[in-house]
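Structural features, examined
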Amino acid sequence: MSFFGGSNTSTVVGANSNSTVTPNTADKDIEVADPPTDSISSLSFSSQADYLAVGSWDNSVRIYEVGTGGQTQGKAMYEHQGPVLSVCWNKEGNKVFSGGADNTGRMFDITTGQPQQIAQHDAPIKVVKWVDAPGAGILATGSWDKTVKYWDLRTPTPVATVTLPERCYTLDVQYPLMVVGTAERHVQIFDLSNPNKAYKTILSPLKFQTRVVSCFTASQIGRVAIQYVEEKDATNNFSFKCHRRDATPNGKDQGLVYAVNDISFHPVHGTFSTCGADGTIHFWDKDARTRLKTFDMAPGPIAATTFNRNGSIFAYAVSYDWSKGHSGMTPTHPNKLMLHACKEEEVRKRPRK
């Protein structure tokens, strides 16, 4: 573990790099100083304070403190032995968890400043999620070794292991619900009161590989599907196109289709964001089935997003998402960590028509 940055301030896009952010610049998104040195894979805010954990392909997890005016300060950093693919916090906001391509899960204790290994798989850990179970929380880790493991931090071995039909690509938890998306478009739904067996298994309603689930599914084909768990609600299922561009100027054919990289829910209003390989971000109201906001196109893919605990700050990473493989990673590719001050009208639900 190492501390970094000292008293770094953020910069406003288009401003000098040493400019200090104030509330007067809130209409502009803020670029965080001292970002990771390689692609950003995962973002997560603490539920107790505006501390932002950032996982990266440079093998590091960085933790930033975000001030009321958008200024940021690097607080801590620890490392894996390979790219970090996922980060999350516990409910109390005093521990950060991470999983990576070194097949390990690690925990960083904010109070002691010490990292330690707490999970092990036979292949890279793609997702880590904290499960706020009654009695004592546990950590769920989803891996390319086709398993999900549950870890009680008091013991060195998993308390349970579930075999998946394919490699785990994405996982989300809203206790007692856990949803896992795997290779070959499998989606498994778990009732965590009986965590060792899938409650329901379906094929994604989308045509191509599932890239992210957030208790509903987004896919790699520029389309998002809203799927209700219970059959009685199935008539409310729907999907919609997003993150597409016209192949020819004025063509209006939407022929260029981009991966949907992340979905984040607003913690107050229940609206959500999608981000994509096309460099765009959209805010959506699923109940009114309408788009609330579209961000200006970024100079590169948006790889990851997250809201802070009260939904006033939206963090996003302009970073290579590996959607074009190794050849797509060029030395000039942007790698930025950005903060957006959310306006109420951008995230509040619209009246249903």
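Scroll up to find the structure.
Residues numbered from 1 in each chain as written. Predicted model: local features only at pLDDT ≥ 70, side-chain atom pairs only at ≥ 80, totals over all residues. Heavy atoms only, no water.

Description of the overall build of the protein
- Summing up its helical and strand segments, the protein has one helix and 31 strands in all.
- Per-residue burial for the protein yields a buried fraction of 54% across its 353 residues.
- In the protein, the proportion of contacts linking residues at least 24 apart, taken out of those at least 6 apart, comes to 44%.
- As displayed, the protein has an accessible area near 15900 Å², and 48% of this comes from carbon and sulfur atoms. (Helix = DSSP H or I, 4+ residues; strand = E, 2+ residues; numbered from the N terminus. Buried < 20%, exposed > 50% of the residue type's maximum accessible area, 1.4 Å probe, protein only. Contact = heavy atoms within 4.5 Å. Areas by Shrake-Rupley, 256 points an atom, 1.4 Å probe, with all protein chains shown as cover.)

Focus on the pattern of salt bridges
- Evaluated as defined, the whole model comprises ten salt bridges.
- Between Lys75 and Glu65 there is a salt bridge, with the nearest N and O atoms lying 3.7 Å from each other. Of this pair, Lys75 sits in strand E6 (residues 72–79) while Glu65 sits in strand E5 (residues 60–66); the two residues are ten residues apart in sequence, bridging distant segments of the chain.
- With a closest N to O distance of 3.5 Å, Glu346 and Lys293 form a salt bridge. Residue Glu346 is located in helix H1 (residues 344–347), and its partner Lys293 is located in strand E28 (residues 290–294); the two are separated by 53 residues in the primary sequence.
- Taking the relative accessible area as the measure of exposure, Glu346 reaches 7% and is therefore buried. (Salt bridge = Lys/Arg side-chain N within 4 Å of Asp/Glu carboxyl O.)

Quick word on the pairing of E28
- As defined by bridge partners, strand E27 (residues 281–285) adjoins E28 across four bridges and the pair is classed as antiparallel. Bridging across to E28, Phe283 finds its partner in Lys293. (Pairing = 2+ DSSP bridges.)

A few points about the environment of Val84
- Of note, Val84 is situated in strand E7 (residues 84–89).
- Spatially, the C-alpha atoms of Val84 and Thr104 are 9.6 Å apart, while their sequence positions differ by 20 residues.
- Ignoring anything within four residues of it in the chain, the contact list for Val84 reads Ser41, Gly55, Ser56, Trp57, Asn59, Ser60, Val61, Ser98, Gly99 and Gly100.

Focus: unusual backbone geometry
- Following Tyr175, the chain continues into Pro176 via a peptide bond in cis, with omega recorded as 5 degrees.
- Structurally, Pro176 is set in the loop between strand E15 (168–174) and strand E16 (177–182).
- Although it is not a glycine, Asp34 sits at a positive phi angle of roughly 55 degrees.
- Mapped onto the fold, Asp34 is located in the loop between strand E2 (30–31) and strand E3 (40–45).
- Judged by relative accessible area, which is 35%, Asp34 ranks as partly exposed.
- Here Arg185, not a glycine, exhibits a phi torsion of approximately 70 degrees, which is positive.
- Mapped onto the fold, Arg185 is located in the loop between E16 and strand E17 (186–191).

A word on the sheet that holds strand E8 (residues 95–100)
- Taken in spatial order, the four strands of this open sheet run E7-E8-E9-E10, and their pairing is antiparallel. This sheet does not close on itself; its edge strands, each paired only once, are E7 and strand E10 (114–120). For this sheet, the mean inter-axis angle between neighbouring strands, taken without regard to orientation, is 25 degrees.
- Summarising the sheet, E8 and strand E9 (residues 104–109) pair through five bridges and their orientation is antiparallel. Looking at E9, one finds that Val96 is bridged to Phe108. (Axes fitted to C-alpha atoms, helices over the stretch in contact; angles between N-to-C directions.)

Description of the sheet that holds strand E12 (residues 138–143)
- Ordered by their spatial adjacency, four strands build an open sheet running E11-E12-E13-E14, and the pairing between neighbours is antiparallel. At either margin of the open sheet sits one strand with a lone partner, and together these are strand E11 (125–131) and strand E14 (160–163). On average, adjacent strands in this sheet sit at an angle of 15 degrees to one another, irrespective of strand direction.
- Judged from the four bridges that link them, E12 and strand E13 (residues 147–151) form a sheet pairing that is antiparallel. Within E13, the position partnered with Gly142 by the bridge is Val148.

Thoughts on the nonpolar core
- Counting residues in hydrophobic clusters, the biggest one holds 17 residues, and the most contacted among them are Tyr150, Leu171, Met178, Val180 and Phe190.
- Those elements that provide at least two residues to this core are E11, E12, E13, E14, E15 and E16.
- Top element by residues in this core is E15. It accounts for three residues.
- By size, the runner-up hydrophobic cluster in this structure holds 15 residues, among which are Val32, Phe45, Leu52 and Ile313. (Core = buried A, V, L, I, M, F, W, Y, C linked by side-chain atoms within 4.5 Å.)

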